[in-house]
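Letter by letter, the chains look like this.
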Amino acid sequence: MEFMSDMLSGADSGKPSLFEIVAQHKMSDLLEPALRHVTSVYAHRYPRYLVRILNWHEEVYAAIMLLVERHYLRNYGGSFTEHFYGTKRVRTHKIRGDGNMTRANVWGSLVFLVGLPLVKSRLDQYYEKISGGEAARLLGGAFAQAGESDDDRIPEGLAGASRRLAVLIQAAKRAFKRYYPHANFSYHMATALYYIAYMFDRTNYNSPWLHILGLQVRRMTAADYRAMDARGPSSKSSLLAPSNGSVIRFARNLVARLLTGGLDFLKVLLPLSIFFYRFLEWWYRSDFHKKVQQAPVPPPPMPLKPHVDGISVPEDQNICPICERPRTNPAMAPSGYVFCYPCIYRHVSETGRCPVTLARARTDGIRKIYTDA
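Given the structure is predicted, the values throughout are model-derived calculations rather than measurements.

Conventions adopted
Here, residues in each chain are numbered from 1, in the same order as that chain's written sequence. This being a predicted model, a pLDDT of at least 70 is required before a residue's local features are given, and a value of 80 or more before pairs of side-chain atoms are given or counted; all residues contribute to the totals for chains, interfaces and linings. By convention in this description, side-chain values take in all heavy atoms of the structure and omit both hydrogens and water. Numbering of helices and strands runs from the N terminus; a helix is a DSSP stretch of H or I covering at least four residues, while a strand is a stretch of E covering at least two. Burial classification: accessible surface area is computed with a 1.4 Å probe over protein chains only, and a residue below 20% of its type maximum counts as buried, one above 50% as exposed, and the rest as partly exposed. The contact definition used throughout considers only heavy atoms, calling two residues in contact when any of these lie within 4.5 Å. Only the protein chains shown count as cover for residues, with accessible areas throughout obtained via the Shrake-Rupley method and a probe of 1.4 Å. Fitted lines through C-alpha atoms give the axes, limited to the stretch in contact for helices. The angle between two N-to-C directions lies from 0 to 180 degrees. Oblique is the label for any angle not covered by the other classes, which are roughly parallel (under 35 degrees), roughly antiparallel (over 145) and roughly perpendicular (65 to 115). Definitions for this section: a left-handed crossing has its near helix turned counterclockwise from the far helix by less than a right angle. A right-handed crossing has that turn clockwise. Here the term charged refers only to Asp, Glu, Lys and Arg, the term nonpolar to Ala, Val, Leu, Ile, Met, Phe, Trp, Tyr, Cys and Pro, and the term polar to all other amino acids, Gly among them. We define a salt bridge as a side-chain nitrogen of Lys or Arg found within 4 Å of a carboxyl oxygen belonging to Asp or Glu. In this tally, Lys and Arg are treated as positive and Asp and Glu as negative; His is ignored, and so are the chain termini. Confidence scores labelled pLDDT are given residue by residue by the predictor and lie between 0 and 100. Pairing of aromatic rings covers Phe, Tyr and Trp, the last through its six-membered ring, and needs centres within 6.5 Å; plane angles under 30 degrees mean stacked, over 60 mean edge-to-face, and all others mean tilted. Criterion for a charge above a ring: Lys NZ or Arg CZ within 6 Å of the ring centre, and within 35 degrees of the ring normal. When DSSP finds two or more bridges between a pair of strands, those strands are recorded as paired. Each residue after the first adds 1.5 Å to the expected span of a helix.

Peer 1: Residue-level account of the overall build of the chain, with values.
Peer 2: Tallying secondary structure elements over the chain gives 12 helices and 5 strands in all. Buried residues in the chain amount to 30% of all 373 residues. Pairs at least 24 residues apart make up 55% of the contacts formed inside the chain by residues separated by at least 6 positions. Entry remark: accessible area of the chain is about 25400 Å², with carbon and sulfur atoms responsible for 60%.

Right, dumping it as structure tokens:
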């Protein structure tokens, strides 16, 4: 994948294509709903422990991703999805010839990787709440709920500082409701413009946030992979070896090694969870799921045999057993035998039984039979 986009002579082989950048962002966008789906499934089984986590899913997910992204930024020079696609972040202005990120770059990247999406998600939810829902957020104020709700009205009886505070809050809410769609549009438009400029080599930054941080996304080289391989075994031996015979330090290093290994294993676990989430989404929307969930058709009941005291059934199946003439306007009794509709209706109304089997029957159980004849 790393070299598929270098089709033009003289192209920068270290610069990822726009398709790789979009794939990274798409993968990042799929992580949150995949984990939400897994959490919701287990929350139905263990509501006592997981309902609160599900209610605060955005914050819990942000805390988890803060640890994950910090680990990958510090150890691999890129976010989780960037490292998964073989890219890293480098400084535009190198310090003493070194383009690796500094500690400030790492925390700045965490702000835009974790903090900004969380704030954006909460602002979207709040705008939906005060503006009338999804339609109002996407299509504008014309689709908002008409009228002012009780929550938007200033409570009566307030005076002094409390009333001024309530008026200020309502004014801020109205300003947010009015100007947030424009801010949301500017947010997405800025991302789209950077995509276009990046695609036509007008800029080396694929997002405005990287431009603010002064960081570029570059492909990892063979030297980067060799450095990671060389760093792995040495760090492992140093962490597992007890230092100065200290058991506490050895235990601390062992826990750190296990956490590091677990975070590295996320390179395999999280893509598998996305695949599993996509598979479940396809399964529940497909016809295969509907066919599996359908109950099997029960076999037809055994036919009732004629009673010895009932009327006989003629050999010709087109003959009505009651009037012994060809059936007209055929109808079926609950017992399964077919008669003329007037004949069986009159007989069941008078006797309440099938004339052949003498089984109990009601007129509302008679079913008309429609034929082409």
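There's more to say after this.
Peer 1: An account of the side chain of Q24 is requested, with residue identities and associated values reported.
Peer 2: Note on placement: Q24 falls in helix α1 (residues 18-45). Note on Q24: relative accessible area 1%, which makes it buried. Aside from chain neighbours lying at most four places away, what touches Q24 is T81, E82, Y85 and T87.

Peer 1: Which residues make up the packing of helix α5 (residues 103-131) against helix α7 (residues 161-199), and what values go with them?
Peer 2: Pairs of packed helices are described in terms of their axes, by the angle between the two and the distance that separates them. Taken N-terminus to C-terminus, the directions of α5 and α7 make an angle of 135°; their axes are 10 Å apart at the nearest point. When the axes of α5 and α7 are compared, the pair comes out oblique. Considering how the two elements wind past one another, α5 and α7 form a crossing that is left-handed. Of the residues in α7, those in contact with L116, K120, L123, D124, Y126, Y127, I130 and S131 of α5 are K173, F176, K177, Y180, P181, N184, Y187 and H188. Its residues assigned to classes, the contact of α5 with α7 comprises 9 nonpolar, 3 polar and 4 charged.

Peer 1: Any chance you could break down unusual backbone geometry for me, citing the residues and the numbers?
Peer 2: Of note, the phi angle at E324 is positive, near 55°, even though the residue is not glycine. Along the chain, the position of E324 falls in the loop between α11 (287-293) and β3 (330-332). Its relative accessible area of 61% is what places E324 among the exposed residues. Although it is not a glycine, L358 adopts a positive phi angle of roughly 60°.

Peer 1: Pulling in residues and values, what's your account of the pattern of salt bridges?
Peer 2: Overall, the coordinates contain 10 salt bridges when judged by the stated rule. For the salt bridge of R36 with E58, the shortest nitrogen-to-oxygen distance reads 2.7 Å. You can see R36 sitting in helix α1 and its partner E58 sitting in helix α3 (residues 57-76), a full 22 residues away along the chain. The closest approach of N and O atoms between D364 and R362, which form a salt bridge, is 3.1 Å. Residue class for D364 comes out partly exposed when judged on its relative accessible area of 46%. In this structure, a network of salt bridges that share partners links the residues E32, R36, E58, E59 and R122.

Peer 1: Describe the side chain of E69, and please don't skip the residues or the numbers.
Peer 2: When you line up the elements, E69 lands in helix α3. In this structure, E69 is buried with no salt-bridge partner, the nearest side chain bearing the opposite charge being R89 at 7.2 Å. If sequence neighbours within four positions are ignored, E69 has contacts with S79, F80, L110, L113 and V114.

Peer 1: Run through the confidence of the model for the chain, naming residues and quoting values.
Peer 2: On average, residues of the chain score 79 in pLDDT, and 73% of them reach the 70 mark or higher. Here residues 1-10 scores under 50 on pLDDT; set against residues more than four positions off or in separate chains, the count is 14 contacts. Across residues 233-240, where pLDDT falls below 50, the model places 8 contacts with residues more than four positions away in sequence or in other chains.

Peer 1: Which residues make up the environment of N318, and what are the values?
Peer 2: On the secondary structure map, N318 appears in the loop between α11 and β3. Sequence spacing of N318 and F339 is 21 residues, and the spatial spacing of their C-alpha atoms is 9.0 Å. Sequence-distant contacts of N318, that is, excluding residues within four places in its chain, are made with R325, P326 and R327.

Peer 1: Give me the packing of aromatic side chains: which residues, what numbers.
Peer 2: What describes a pair of aromatic rings is the distance from one ring centre to the other and the angle between the planes of the rings. All chains considered together, the criterion is met by 10 aromatic pairs. Aromatic side chains F112 and W209 sit 5.5 Å apart centroid to centroid with 15° between the ring planes, which places their arrangement in the stacked category. In this pair, F112 is assigned in helix α5 and W209 in helix α8 (residues 208-213), connecting sequence segments 97 residues apart. The exposure class of F112 is partly exposed, given its relative accessible area of 22%. Grouping aromatic residues by their ring pairs yields a cluster made of Y126, Y127, F176 and Y180. The side chain of K15 reaches across the aromatic face of Y198, ending 4.3 Å from its centre. Sitting above the plane of the Y341 ring, K368 keeps its charged end 5.0 Å from the centroid.

Peer 1: Pulling in residues and values, what's your account of the sheet that holds strand β5 (residues 367-368)?
Peer 2: Pairing within the open sheet is antiparallel, and its 3 strands lie in the order β4-β3-β5. Where the open sheet ends on each side, the last strands, each with one partner, are β4 (338-340) and β5. In this sheet, β5 lies alongside β3 in antiparallel orientation, the contact comprising 2 bridges. Its bridge partner being in β5, A331 is matched across the sheet by K368. Against the sheet, helix α12 (residues 341-351) engages β3, β4 and β5, with an angle of about 100° to β4.

Peer 1: Could you give an account of α1, with specific residues and numbers?
Peer 2: With 28 residues, α1 ought to run about 40 Å at 1.5 Å a step, and its terminal C-alpha atoms sit 42 Å apart, in line with that. Within the sequence span of α1, burial applies to L18, E20, I21, Q24, M27, L30, L31, A34, T39, S40 and A43.

Peer 1: Describe the pairing of strand β1 (residues 87-91), listing the residues and the values that go with them.
Peer 2: Along β1, 5 of the 5 residues are buried, which leaves the element largely enclosed by surrounding structure. By the alternation rule, side chains of β1 split into T87, R89 and R91 and K88 and V90, which are all buried. Summarising the sheet, β1 and strand β2 (residues 215-219) pair through 5 bridges and their orientation is antiparallel. Counted as the bridge partner of R91 is L215 from β2.

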